[in-house]
Amino acid sequence: MNFVPSPETTTGETAPARPPSQSPFIPLDDLQKLVAPVTQRPVTLTHSDRIRAFEADIPQALRNPARIVAEPIAPANATTYGSKTLEEFAELKRREAAKILHPQEAEYVRYGTATSRRVEKKLAQLEGGEMALVFPSGMAAIEKVIDALIPNTTLQKAHFIVGTEGYRQTRNILERLVSRGWIELSVIPMDHFDRVQEHLKPNTAAIFFETPSNPYLRVIDVANVKRQVVESGSQALVVVDHTFASPLNQKPLEQGADLVVPSLTKYIGGNNQVLAGAVVGRKELVLRVFELRSQSAIARDDECRRIEEGLEDLAERIELHNRNGAHVAQLLARNPNVHQVWYPGHESHPDYEVAVKQMSGFGGVVTFRLKARDFHDVAAFTNAFVAASPEGTYIAPSFGGESPLISAVPIVSHFSQTVEERRARNIPDDLIRLSVGTVPPQQLTDALVAGFTALEQRQGPLHDGLR
Ligand code: PLP
């Protein structure tokens, strides 16, 4: 064995310190000499220091576009970067430290890839924000946004405001944080967003809402919420879960929202094949979220490519969703087997006026209450609807895909809740949410006729409203 004992064990004396030249590590100063220095900034900044440094004043000389490297020096493979020589890699790090290159642009797949950055750029443009980040799911984005909004101080708990209506998993995250004693939460009726200033506290970190919301598609006036925050002198951020409208039907950032958080799983993915989410908004805020994403998870490259494909035909698909949504809302509104319909573009919707002011289209989700006596009536309707629909139509919880999806809300989304809990959340047993898809309108008419016919066969005819 080629074991060389250390000087200490042979002599029993402490060995003299090695001269610096024999150190197994190249001192950082020497490493920097491998490349021509362009800055005095140290390269030993922490990750967050580097992000902050990037945002700080960039010396004019370094802004020269000719010297800015937008892409990595050498791609090692599709998702991470490398170089053939250490000098080249050191150059990469030097550009990062000199703020020519953002850390997000260079280092490692979890911080971003060429594909994710391309998608993020497109999403930012579409939403009208400065910067976007993609996540492996809408919930992953929401969780990191909430985390980023909690101040780094234990002096005062952050206070969040949400509406009674909203995706239940978002509420679950916030309630978990409440139970740990980390935040305060106010859950306000949807009508109270008109006077949200009454709920603001000095420690309110964010007002977080969906518009339209789930399941009654309530439309919150984003500009009005922002105006109240500003007039109150509050620091609260306005954060919109922007899943139900799509960025083509509504632009909350232009109306004053500070951040939007869309689930890309729905309209943008577009065919029920994608699971992803995003956050978009002002760079300074999005960078706070970036820091947390760097320690967590980013949307995979193959998923980003599917999102890109979805973005390509989003405009055509949204037009079809809007057309079908309006068509189905009209049919349901005059059908005697239906108690009530909720569609933001229908005059009967409580927020119709806000919707017309704020949205350019009203989407492909329609919610309604069926005149059903029990779950068997509901099942007769949903099952016949699916059987008469094109292949790809299911009873399922999602929405925004090309094929219709129908959800008997108490069963599909609230199965684990007791009757009392469902009642408290305003989820009656006969509540149905229909994602109309992009199919020809006549197919939707036929499927609804089939559903109502099946219902009437159980109940006896009420009316032949659709035929
Ligand atoms: N926001 C809303 C309004 C949703 O409906 C959903 C999922 O259904 C999410 C967020 C979460 O998105 P994801 O399923 O991509 O995690």
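Residues numbered from 1 in each chain as written. Predicted model: local features only at pLDDT ≥ 70, side-chain atom pairs only at ≥ 80, totals over all residues.

Considerations on the site of the ligand
Thinking step 1. Of all residues adjacent to the ligand, which total 13 residues, the nearest are Ser 137, Gly 138, Met 139, Ser 263 and Thr 265.
Thinking step 2. Across the shell around the ligand, the residue classes tally to four nonpolar, seven polar and two charged. (Near = placed C-beta within 6 Å. Nonpolar A, V, L, I, M, F, W, Y, C, P; charged D, E, K, R; others polar.)

As for the pairing of strand β9 (residues 365–370)
Thinking step 1. The buried fraction of β9 is high, at five of six residues.
Thinking step 2. Bridging between strand β8 (residues 338–342) and β9 involves four bridges; their strand directions are antiparallel. In the strand pairing of β9, Gln 340 is matched with Arg 369.
Thinking step 3. One ladder, built from five bridges, connects β9 with strand β12 (residues 431–435); its direction is antiparallel. Bridging from a neighbouring strand, Val 366 pairs with Leu 434 of β12. (Buried ≥ 20, exposed ≤ 12 C-beta atoms within 10 Å, placed from the backbone. Helix = DSSP H or I, 4+ residues; strand = E, 2+ residues; numbered from the N terminus. Pairing = 2+ DSSP bridges.)

Examining unusual backbone geometry
Thinking step 1. For the bond running from Thr 211 to Pro 212, omega is -10°, close enough to zero to count as cis.
Thinking step 2. Along the chain, Pro 212 falls in the loop between β4 (204–210) and α9 (222–231).
Thinking step 3. Asn 214 connects to Pro 215 through a cis peptide bond whose omega is 5°.
Thinking step 4. Note that Pro 215 resides in the loop between β4 and α9.
Thinking step 5. Despite not being glycine, Leu 217 shows a phi value in the positive range, around 55°.
Thinking step 6. By secondary structure assignment, the location of Leu 217 is in the loop between β4 and α9.

Quick word on the sheet that holds β4
Thinking step 1. Taken in spatial order, the seven strands line up as β1-β7-β6-β5-β4-β2-β3 in an open sheet, and their pairing is mixed. On the outer flanks of this sheet lie β1 (131–135) and β3 (183–188), each paired with one strand and no other. Mean inter-strand twist for the sheet, computed between neighbouring axes without regard to direction, equals 20°.
Thinking step 2. Bridging between β4 and strand β5 (residues 237–241) involves five bridges; their strand directions are parallel. Pairing of Ala 206 across the sheet is with Leu 237, part of β5.
Thinking step 3. Here helix α6 (residues 114–127) sits on the sheet in contact with β1, β6 (259–261) and β7 (277–281), set at roughly 125° to β1.
Thinking step 4. Set on the sheet, helix α10 (residues 283–294) makes contact with β1, β6 and β7; between it and β1 the angle comes to about 25°. (Axes fitted to C-alpha atoms, helices over the stretch in contact; angles between N-to-C directions. Contact = placed C-beta atoms within 7 Å.)

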